Amino acid sequence: MDIAVSSRGVRVLLNSGGASSFETIELDSDVYEDTGIVVTDLNGDGMHDILTANHPGKPVRLFLGESKKPVEFSDRHTTGLPLDGQIGFKIAAADFDGDGHTDVAVGTQPRLKLFKGNGCQGDETSWWEDLRLPDSGGNTIQPVAADFDRDGDFDLVFTSDRGIYLCLNDGTGKFADRLTLEGFPTEGEYSGCAAVDWDGDGDLDLAISSFQGEGLRFFENTAG
């Protein structure tokens, strides 16, 4: 396994095979603080691509994987993934509308941002469409894309300074308003989020961390 790292710049660490030494590929180094990173295949060529968000609020940067041996990446792409000068936090990537192309959700200081992708086809200005959720929260830290209602498409959970949001997908990339559930916080400041079937009952539960000194909280999915 290799490692992609974002801090004050982006670098890829290639494992030599024994986890004792790594070759470093420097991709970028001119951002004050990188805050989120995702590795996924955005253009369907079978190679890993990298997306990173950042503290200054510059556009999300995309580095497309161009070869495996040796590992090489394109120069950064930023057209179509604006953060509007606001701090960018964590990123989630999934095919929300079922068109076979990966879409991107980014937590930012004012709200969750959602971008529809076309597989990086055509001119770069057409790669992404900036969408808006009907209920996109406030200061949003971490989005998680997962099938919470087990209907076969990716829904969104995201942590914010207004509680925890769960927005269900209708299968076409259109999300319903925030779902209010018994015991699910609608206020308070939350940060990290992980979705796993902790109890093995076939549905996804949540582990969520808080900014308010409440530690790690666990939410069991009881929808059945």
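Please refer to the structure higher up on the page.
The structure reproduced in this document is the subject of the present report. Computed from a prediction, not measured in an experiment: that's the story for all the values here.

1. Looking at the overall build of the protein chain
Right, on to step 1. The helix and strand inventory of the protein chain stands at 0 helices and 18 strands.
Right, on to step 2. Considered along the principal axes of its C-alpha atoms, the protein chain spans approximately 50 × 40 × 35 Å.
Right, on to step 3. For the protein chain, the residues scored as buried account for 46% of the 224 residues in total.
Right, on to step 4. Contacts spanning at least 24 positions in sequence make up 39% of the contacts within the protein chain whose residues lie at least 6 apart.
Right, on to step 5. Positive and negative side-chain charges of the protein chain, numbering 17 and 41 respectively, have mean locations separated by a distance of 6 Å.

2. Observations regarding the side chain of Asp153
Right, on to step 1. Inspection of the secondary structure assignment puts Asp153 in the loop between β13 (140–146) and β14 (155–160).
Right, on to step 2. Although Asp153 is buried, it forms no salt bridge, and the closest oppositely charged side chain is Arg150 at an N-O distance of 12 Å.
Right, on to step 3. One polar contact links the side chain of Asp153 to the main-chain amide nitrogen of Gly171, over a distance of 3.2 Å.

3. What about the sheet that holds strand β9 (residues 88–94)?
Right, on to step 1. Spatially, the 4 strands line up as an open sheet ordered β9-β10-β11-β12, and their pairing is antiparallel. Of all the strands in the sheet, the pair left with one neighbour each is β9 and β12 (128–131). Each neighbouring strand pair of the sheet contributes to a mean axis angle of 25°, computed without reference to strand direction.

4. Re the packing of aromatic side chains
Right, on to step 1. Throughout the structure, instances matching the rule amount to 4 aromatic pairs.
Right, on to step 2. Judged by centre distance (5.5 Å) and plane angle (75°), the ring pair of Phe184 and Phe219 falls under edge-to-face. Of the two residues, Phe184 sits in the loop between β15 (163–167) and β16 (190–196) while Phe219 sits in strand β18 (residues 216–219), which places them 35 residues apart along the sequence. Like Phe219, Phe184 is buried.

5. Looking at the pattern of salt bridges
Side-chain pairs of opposite charge can arise whenever the charged atoms involved come near each other.
Right, on to step 1. Across all of its chains, the model carries 8 salt bridges by this definition.
Right, on to step 2. In this structure, the salt-bridge partner of Arg76 is Asp28, at a minimum N-O distance of 3.0 Å. Here Arg76, found in the loop between β8 (71–73) and β9, pairs with Asp28, found in strand β3 (residues 22–28); they are 48 residues apart in sequence, far enough to count as distant.
Right, on to step 3. Take Asp28: its relative accessible area is 10%, and that puts it in the buried class.
Right, on to step 4. Ionic pairing is found between Asp34 and Arg61, a salt bridge with its closest N-O pair at 2.0 Å. Here Asp34, found in strand β4 (residues 34–40), pairs with Arg61, found in strand β6 (residues 61–63); they are 27 residues apart in sequence, far enough to count as distant.

6. Some points on the sheet that holds strand β17 (residues 205–210)
Right, on to step 1. The 3 strands are arranged β16-β17-β18 in an open sheet whose pairing can be described as antiparallel. At either margin of the open sheet sits one strand with a lone partner, and together these are β16 and β18. For this sheet the average axis-to-axis angle between neighbouring strands, irrespective of direction, equals 20°.

7. Quick notes on a nonpolar patch on the surface
Right, on to step 1. A contiguous nonpolar patch, built from Val196, Trp198 and Phe218 and spanning about 310 Å² of accessible area, is present on the exposed surface.
Right, on to step 2. Note that Phe218 resides in strand β18.
Right, on to step 3. On the accessibility criterion, Phe218 (44% relative accessible area) is partly exposed.

8. Regarding the nonpolar core
Right, on to step 1. Ranked by internal contacts, the top residues of the largest apolar core, which has 16 residues, are Leu51, Val60, Leu62, Ile91, Val104, Val106 and Trp128.
Right, on to step 2. When residues of this core are traced back to their parent elements, those giving at least two are β5 (49–54) and β10 (103–108).
Right, on to step 3. Residues contacting Leu51, with those up to four places away along its chain left out, are Gly36, Ile37, Val38, Leu42, Val60, Arg61, Leu62, Leu81, Ile91 and Val104.

9. Comments concerning unusual backbone geometry
Right, on to step 1. Of note, the bond from Lys69 into Pro70 is cis; its omega dihedral lies within 30 degrees of zero at 0°.
Right, on to step 2. In this fold, Pro70 is placed in the loop between β7 (65–68) and β8.
Right, on to step 3. A positive phi is found at Asp84, a non-glycine position, where the angle reads about 55°.
Right, on to step 4. With respect to the helices and strands, Asp84 occurs in the loop between β8 and β9.
Right, on to step 5. The class of Asp84 is exposed, set by a relative accessible area of 55%.

Rules used throughout
- Residues numbered from 1 in each chain as written.
- Predicted model: local features only at pLDDT ≥ 70, side-chain atom pairs only at ≥ 80, totals over all residues.
- Heavy atoms only, no water.
- Helix = DSSP H or I, 4+ residues; strand = E, 2+ residues; numbered from the N terminus.
- Buried < 20%, exposed > 50% of the residue type's maximum accessible area, 1.4 Å probe, protein only.
- Contact = heavy atoms within 4.5 Å.
- Lys, Arg positive; Asp, Glu negative; His and termini not counted.
- Charge placed at Lys NZ, Arg CZ, Asp CG, Glu CD.
- Salt bridge = Lys/Arg side-chain N within 4 Å of Asp/Glu carboxyl O.
- Polar contact = N/O pair within 3.5 Å; in protein donor to acceptor, adjacent residues only side chain to side chain.
- Pairing = 2+ DSSP bridges.
- Axes fitted to C-alpha atoms, helices over the stretch in contact; angles between N-to-C directions.
- Phe/Tyr/Trp six-rings, centres within 6.5 Å; stacked < 30°, edge-to-face > 60°.
- Patch = residues over 30% accessible without salt bridge, like charges linked within 9 Å, V, L, I, M, F, W, Y side chains within 5 Å.
- Areas by Shrake-Rupley, 256 points an atom, 1.4 Å probe, with all protein chains shown as cover.
- Core = buried A, V, L, I, M, F, W, Y, C linked by side-chain atoms within 4.5 Å.

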